[in-house]
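Geometric and topological summary
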Amino acid sequence: MKFVPPIKLAWLRFTSCSGCQLTLLNNEDSLAELAHVVELHNFPLLSSACGNAEALDVALVEGSLTSPGEVERLLAIRRKSRLLVAVGACALTGGVNAMVKGERHKAMVSIYGKAGAEWDTFPPQPIHHFVKVDGQIPGCPPEPHELLQAIAAILHGGWPSHQVMPVCMECRINENRCLLEEDCAPCLGPITQAGCDALCPGLGVPCEGCRGVVPEANRDELYRLFITAGLSEQEIRHRLERFGAAL
Ligand code: SF4
Ligand code: SF4
């Protein structure tokens, strides 16, 4: 799909922490350049002025869907956008919002009091449950360069290619010590799509799996390793469910 700059672009936020938006804004060095090729129509963290363009070239969508009102808004955005891109784990899998599961009602009441019980909401859903998604940018949050690469590739009528491999490969390339092998830490790197340069394991923090599951992931072997490392079945299930890695 070809675009003639400046492209009409909007960032739409649903149920989320806005961390993905912040990641794009943190690319200070590139924002001025971006301004030459992008006509911004909505970007909640940047401006309270709400764009109301009749048609968009690209809609970047952050967050999961949690209410009928959000679904209506998403459908309207889909109708007027040539490309719709899901950004971040919340939009791709439901993300951390989906963690409360059966405890959701309790959580709503404990945070918002009585009003929380009355709101018309449902368990957090990824956006592909409601609309066609043309591109996905994984991560919680995504890597800053991935956001810029996606916008640059769209401008040239394409989509960035990426190597399909697990985070463990990036650990090996960076010569990180293995937290799973050496500390029996519950690291999800063996089944998680790479692209973050093994950021967390490199800092001594086990991978949480925020980038989604790599194709052909060997969950059975990871399960065996976690059991050997002393994790209970429940702990393993919770860990795999956090970013939708459970079967
Ligand atoms: S994917 Fe992570 S950083 Fe992005 S909005 Fe969701 S919780 Fe925040
Ligand atoms: S620390 Fe985690 S991501 Fe790195 S090699 Fe070990 S299991 Fe894989």
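Residues numbered from 1 in each chain as written. Chains lettered and ligands numbered in written order. Predicted model: local features only at pLDDT ≥ 70, side-chain atom pairs only at ≥ 80, totals over all residues.

Our focus in this paragraph is unusual backbone geometry. Most peptide bonds adopt trans geometry, and most residues besides glycine take a negative phi value. In this structure, the amide linkage connecting P5 to the following residue, P6, adopts the cis form with an omega of 0°. Along the polypeptide, P6 turns up in the segment before β1 (7-13). The residue after C140, namely P141, is reached through a cis peptide bond having omega -5°. Looking at the element boundaries, P141 is found in the loop between β5 (135-137) and α7 (144-155). For S18, which is not glycine, the phi torsion reads 70° and is therefore positive. Structurally, the position occupied by S18 is in the loop between β1 and α1 (19-25). The phi torsion at E175 lies on the positive side, around 60°, for a residue other than glycine. Examined against the element boundaries, E175 turns out to sit in the loop between α8 (167-173) and α9 (179-183). (Helix = DSSP H or I, 4+ residues; strand = E, 2+ residues; numbered from the N terminus.)

For the rest of this paragraph, the subject is the pairing of strand β4 (residues 81-87). Taken residue by residue, a regular strand's side chains alternate between the two faces of the sheet. With 5 of its 7 residues buried, β4 lies for the most part within the structure. When strand β3 (residues 56-62) meets β4, the two strands line up parallel, connected through 6 bridges. Bridge pairing links A59 to L84 in β4. At this point the chain moves from β3, through helix α3 (residues 68-80), to the parallel β4, and the crossover so formed is right-handed. As judged from the 3 bridges shared by β4 and β5, these two strands associate in the parallel manner. Across the sheet, V87 pairs through a bridge with I137, a residue of β5. (Buried ≥ 20, exposed ≤ 12 C-beta atoms within 10 Å, placed from the backbone. Pairing = 2+ DSSP bridges. Right-handed = clockwise from strand over helix to strand, strands pointing away.)

This part takes up the environment of R13. Following the sequence through the fold, R13 ends up in strand β1. Distance from R13 to S67, taken between C-alpha atoms, is 13 Å for residues 54 residues apart in sequence. Leave out the neighbours within four places in its chain, and R13 touches S18, Q21, P44, E62 and G63. (Contact = placed C-beta atoms within 7 Å.)

As a structural note, the neighbourhood of ligand 2 is formed by 13 residues, with C168, C171, C178, C187 and G189 the closest of them. Put simply, the parts of the chain that give the shell around ligand 2 at least two residues each are α8 and α9. Tallying contributions element by element places α8 first for the shell around ligand 2, with 3 residues. Of the residues that constitute the shell around ligand 2, the class distribution is 11 nonpolar, 2 polar and no charged. (Near = placed C-beta within 6 Å. Nonpolar A, V, L, I, M, F, W, Y, C, P; charged D, E, K, R; others polar.)

To continue, consider the site of ligand 1. In the vicinity of ligand 1, 13 residues are found, and the nearest of them are S16, G19, G88, C90 and C140. Of all the secondary structure elements, the ones that give two or more residues to the shell around ligand 1 are α1 and α4 (88-93). Among the elements that make up the shell around ligand 1, the one with the highest residue count is α4 (3 residues). Of the residues in the shell around ligand 1, the class split is 7 nonpolar, 5 polar and 1 charged.

This part covers the domain arrangement of the protein chain. The domain boundaries assigned to the protein chain delineate domain 1 (7-155) and domain 2 (167-241). For domain 1 versus domain 2, the separation of C-alpha centres amounts to 27 Å. Tallying the contact residues gives 8 residues for domain 1 and 6 residues for domain 2. Per-element accounting of the side of domain 1 that touches domain 2 gives the leading share, 3 residues, to α4. Here the residues of the side of domain 1 that touches domain 2 are counted per class, giving 4 nonpolar, 2 polar and 2 charged. (Domains from an automatic or database assignment.)

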